[in-house]
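# Architecture and fold: a report
So the chains spell out like this:
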Amino acid sequence: MNQQGYVAMPPYSQSQPGMGGFSPGFGQPASSPLYGHYGESSPSSSVPQSVMLKTNVPFGSTAPIGPPPQSTHQFNQMNLQNGPSSTTQQLHRFPGSHPPYGHPSQSYPNNPSSSSVQLANQLGNMQINNYGSNSAPSAPPCVPSGPPQSLHGPPPPRPQQMALPPGPQISPPPANNLNSHPSLPSMARQEGMPGSSPMNTNLPQQLPGEPLGPGFPPQYGNYGPPMPGAQLSYPGGLPTGPAQMAGPQQRKLDPDSIPSPIQVIENDRASRGGQIYATNIRGQVPPLVTTDCVIQDQGNASPRYLRCTTYCFPASSDLAKQAQIPLAAIIKPFANVLPNETPIYMVNHGETGPLRCNRCKAYMCPFMQFIEGGRKYQCGFCSCVNDVPPFYFQHLDHVGRRIDYYERPELSLGSYEYVATLDYCRNNKPPQPPAYIFMIDVSYNNIKSGLVKLICDELKTVLDRLPREEQEESSSIRVGFVTYHKVLHFFNVKSNLAQPQMMVVTDVGEVFVPLLDGFLVNFQESRSVINNLLDQIPEMFADSNESETVFAPVIQAGMEALKAAECAGKLFIFHASLPTAEAPGKLKSRDDRKLVNTEKEKTLFQPQTNIYETLGKDCVANGCCVDLFLFPNQYIDVASMGLVTMLTGGTLYKYNNFQMNSDSYQFLSDLRKNIEKRMAFDAIMRVRTSTGFRATDFLGAIYMNNTTDVEMAGVDCNKAVTVEFKHDDKLNEDNGALIQCAVLYTSMNGQRRLRVHNTALNCSSQLADVYKSCETDALINFFVKSAYKAILSQPLKTVREILVNQTARMLACYRKNCATPSAVSQLILPDSMKVLPVYMNCLLKSCVMMGKPEIPTDERTLHRQLVMSMDVASTQLLFYPQLLPIHSMDINSDVFPSAVRCSEERLSEGGLFLLANGVHMFLWLGVSAPPEVIQGIFNVPSFAHVSTEATRLPEVENPYSTKLRSMIDHLQNKTPYTMKILIVKQRDQPEVAFKQFLVEDKNIYGGASYVDFLCCVHKEICQLLN
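Residues numbered from 1 in each chain as written. Predicted model: local features only at pLDDT ≥ 70, side-chain atom pairs only at ≥ 80, totals over all residues. Heavy atoms only, no water.

### Regarding the layout of surface pockets
Of the volumes computed, that of the second largest pocket is approximately 1,500 Å³. Residues belonging to the lining of the second largest pocket are distributed by class as follows: 25 nonpolar, 12 polar and 12 charged. If you count residues domain by domain, the lining of the second largest pocket takes at least three from each of domain 1 (433-677) and domain 2 (881-998). (1 Å grid on protein atoms, 1.4 Å probe; cavity = no way out; pocket = protein on both sides within 12 Å on 5 of 7 lines; lining within 4 Å. Points joined across faces, edges and corners; volume = space filled by probe spheres on them. Nonpolar A, V, L, I, M, F, W, Y, C, P; charged D, E, K, R; others polar. Domains from an automatic or database assignment.)

Shown next, in the form of structure tokens:
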């Protein structure tokens, strides 16, 4: 049943040696749940490993505790049973609806050779069981006393599928539908500070006549029309957290008994870290994004550029619908590669241009097969036979491969670039080098806070570091400057001027550019005039009392300036308040929290006027990317103001209540990172596939004028586009599934280029192969972007239900079709999806999905916009933060301390912990933290003397301080955004904010704990299987 690996080289149809040697656990961590419009299941190259929890405890007997049996994996399992379930469930998708669950079961003759973790539910008892890591026992586990096992428990396990001994009992949440209960008044639901005692299942029993206690979100009951069929109940919806547990004998669950994301990450690092990963095998699952390794391109694109939700596509659409695993690729076309990895090679065919298939227009790549002695080639995507142009002819060797195979990047590598001809340029003219225009809000608040002076001072030095191509001595990017409040001021900074000249545009309704010559200049040539200007701007507006600002005309002016100069470029806009001045794009404050949890909640995420969408389209058409730095003191309507940034591929930054002493470091660091990063401009991306499937949906900071072309006015090294695929025919298992992503763009020196990424995936008619090849981190990236897109048009409640439903369907399909036959009360998780539930729960608890009036609308909208352009590594870190025990670091070693699970139970009064998720960073101090560590890091004698006002650590010359600061710098350098450090003391009020990032616990807004969500998912699976 193992799908053989494939070497992605011609001859294309010839099978090659398999991927051999990958031990269990090489696959990505648990896949994310699917929701909505998927008709496909994800591919995989070999038999999946399962994670299974089960119990052999007969009804009514207590569970004896004994030594755990040994197994091949150290992931512990848990079995949950939630009582009888309904036998039918109507499933919903974002666009439409899924067929009911119940396709014929996929036969799976050979049991997956896998480590198993079993989640056991025996009628009313939830049991968590532990076992160590070793070889699989040949004898079945001990059977407890009581009625015969055959009456209640599953049959003895087959070899290599471990049954777990009974463990402590705990009652599961009641199986009745909690959605139907009326919501409680918010005060009545507040039973103390949630999150203070995570994983606590010892909750009081519900008494007759009492309102429902902690459990499912109250808003589900009175929000929108009910979904047909069984209702989904998301645990922990009330501010007090976990689902209601009933029964007198309740013990605290052992968190170590359920699959751990940290363990999955550490196992992958141990087995694949520091090694060379070659991409020559078709459909192999790459190391996790959290594993450092060297990637060697040998015919398939590096996973730095392209990752898939599964590396083995199901052979048919029926199989895909059955598994419900989304088929998607997360493409980051301009990702940075490590210094010791080969950079992208450039191919130049002169005036002839890139070689393409005559029928499907795919570019020459390793999947083209040369025939007839090298005179023709057959396209791997559409099978069309094309003539080889005379200039490109080369003889074939004895295996049918061109003898110049290794000399041509386009034949032997997965990623490469072509120099584009004039046919690929606007108006058939070579492009100009791009330009950066800096547009500064000089209204009263920005002048008085010192922000304008801070920006001007920084620009004088950071403009020396404008990005350039590697062969260039200096950057070709030109710069221009505009200031504004109710009117716009353009500056002439031509190099031959003694002083800069200002021109004022007062007609903001019909914006025009008052000058061309001298507005966009080379910084090196005009340095003295520009420095003069930057010195003068803060003084020039020092006496201004103008507090109203315009916004849309500012973007319009920048775009018109680039259009007049016939070049692409980027606007850097530094803006502080809601644009209330009379002008196009004027906005009013509409932060109406009463809309939360109503049908109109989706309007909070939509712009309040269509002018910004129109403006965004115009910017894309003219290659104008917009980066926005916001400094609000109150509501600023990110949904409206950030839309142009999102449509043009730009980046959004927001600094609430900006204070010079505490926020300037974060802002300046973000500005430097932004100005220095490599960019591509005026880009169009097209994704082609081999026959049998096609790209159907695109998610990211993009604009699409048609169904195939992804347009980005700018795209940088951090931006990723998530592409979903659907079947339109059967796939050939021998040929596999081919994907080619081509991006036409203008480089930083004004050269039109074409970057091509190719990858080949396996195909299989066995669901087990599909599950085996899933990558959880990529699945989560797809799920979050799909959900965040869906909330623009559907109620949050519906989207949340779809997420839970899809999670259950994916796992139920595996349980039904791929796992060893056993009692329905066992939740069996595929090895590649061990930690799928914890990631999905983190997504459901995100500020966007929670729907609580206490969460500011701007913060939810900002979070949504940041995530839409994130790559796999960024979403992985965002939804499961790193929690590092600082007190245990070895100050004499370069190695960082190992991360621990994100739960309050992992904190200790005598410890210090650093938490980072790519956007936020906290340094948590326990009340009994060692004085020598406090002294070393903060240069103060004790815990009580530490100031929580600081947002940077003091530079103390000792090993503790040096090591911690190097750790923080390392984390900061790996993320696109600079994380502002918040110092939090145990038991202080700010600790509440910190605890929201301990994602395995219930949170203050009512999100469920990991354990409770596992109960909820298992209940849904039982309903599907019954």
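Alright, that's what it looks like, and here's the rest.
### Looking at the sheet that holds strand 18 (residues 385-387)
Taken together, three strands build an open sheet; the order of strands is 16-17-18 and the sheet is antiparallel. Each end of this open sheet is capped by a strand with a single partner; those strands are strand 16 (369-371) and strand 18. Across the sheet, the axes of successive neighbouring strands diverge by a mean angle of 35°, strand direction being ignored. Taken together, the three bridges between strand 17 (residues 376-378) and strand 18 define a ladder with antiparallel strand orientation. The residue of strand 18 that forms the bridge with Gln378 is Val385. (Pairing = 2+ DSSP bridges. Helix = DSSP H or I, 4+ residues; strand = E, 2+ residues; numbered from the N terminus. Axes fitted to C-alpha atoms, helices over the stretch in contact; angles between N-to-C directions.)

### Looking at empty space enclosed by the protein
Applying the stated criterion across every chain yields a total of nine cavities of 30 Å³ or more. Taken as a whole, the largest cavity holds about 130 Å³ of empty space. Together, 14 residues line the largest cavity, and Tyr277, Gln284, Ala301, Tyr311 and Thr759 are the ones closest to its centre. Per-element accounting of the lining of the largest cavity gives the leading share, three residues, to strand 34 (residues 752-764). A per-class count over the lining of the largest cavity returns nine nonpolar, five polar and no charged. If you add up the space inside the second largest cavity, you get close to 100 Å³. What lines the second largest cavity is a set of 13 residues, and nearest its centre among them are Asn718, Lys719, Ser869, Pro976 and Tyr977. Looking at the lining of the second largest cavity residue by residue, the class counts come to five nonpolar, four polar and four charged.

### Notes on the nonpolar core
In terms of nonpolar packing, the biggest core is built from 198 residues, with Phe481 and Phe667 touching the most fellow members. The biggest single contributor to this core is helix 16 (residues 796-817), with 10 residues. Two domains each donate at least three residues to this core, and these are domain 1 (433-677) and domain 2 (881-998). If you look at the next biggest cluster of nonpolar residues, it comprises 31 residues, including Ile331, Phe698, Val715 and Val723. (Core = buried A, V, L, I, M, F, W, Y, C linked by side-chain atoms within 4.5 Å. Buried < 20%, exposed > 50% of the residue type's maximum accessible area, 1.4 Å probe, protein only.)

### Here's the deal with the sheet that holds strand 14 (residues 328-331)
Taken in spatial order, the four strands line up as 12-14-32-29 in an open sheet, and their pairing is antiparallel. Edge positions in the sheet fall to strand 12 (306-308) and strand 29 (693-699), since each has one partner strand and no second. Direction aside, the axes of adjacent strands within the sheet are offset by 25° on average. Alignment of strand 29 against strand 32 (residues 721-727), held across six bridges, turns out to be antiparallel. Opposite Arg694, over in strand 32, you have Lys726 as the bridge partner. Across the face of the sheet, helix 15 (residues 776-790) comes into contact with strand 12, strand 14, strand 29 and strand 32 while running at roughly 60° to strand 29. (Contact = heavy atoms within 4.5 Å.)

### Describing the packing of aromatic side chains
Per the stated rule, a full pass over the model turns up 34 aromatic pairs. Ring geometry for Phe631 versus Phe658: centroids 5.3 Å apart, planes at 90°, classification edge-to-face. With Phe631 in the loop between strand 26 (624-630) and helix 11 (638-641) and Phe658 in the loop between strand 27 (652-654) and helix 13 (660-676), this pair connects stretches of sequence that are 27 residues apart. Accessibility classification places Phe631 together with Phe658 in one group, the buried group. Cluster of aromatic residues (ring-pair linked, three or more members): Phe574, Phe629, Phe631, Tyr653, Tyr655, Phe658, Phe667 and Tyr977. The ring centre of Tyr405 lies 4.2 Å from the NZ or CZ of Arg401, which sits over that ring. (Phe/Tyr/Trp six-rings, centres within 6.5 Å; stacked < 30°, edge-to-face > 60°. Lys NZ or Arg CZ within 6 Å of the ring centre and 35° of its normal.)

### What about the pairing of strand 26?
Of all seven residues in strand 26, seven are buried, a share of seventy percent or more. Side chains Cys624, Val626, Leu628 and Leu630 of strand 26 all project onto a buried face; the interleaved residues Cys625, Asp627 and Phe629 project onto the opposite face, where all are buried too. Sheet topology places strand 25 (residues 569-575) next to strand 26; seven bridges connect them, and they run parallel. Looking at strand 26, one finds that Phe574 is bridged to Phe629. For the handedness criterion, the β-α-β arrangement of strand 25, helix 10 (residues 611-621) and strand 26 is classed as right-handed. Note: strand 26 against strand 27, three bridges, orientation parallel. (Right-handed = clockwise from strand over helix to strand, strands pointing away.)

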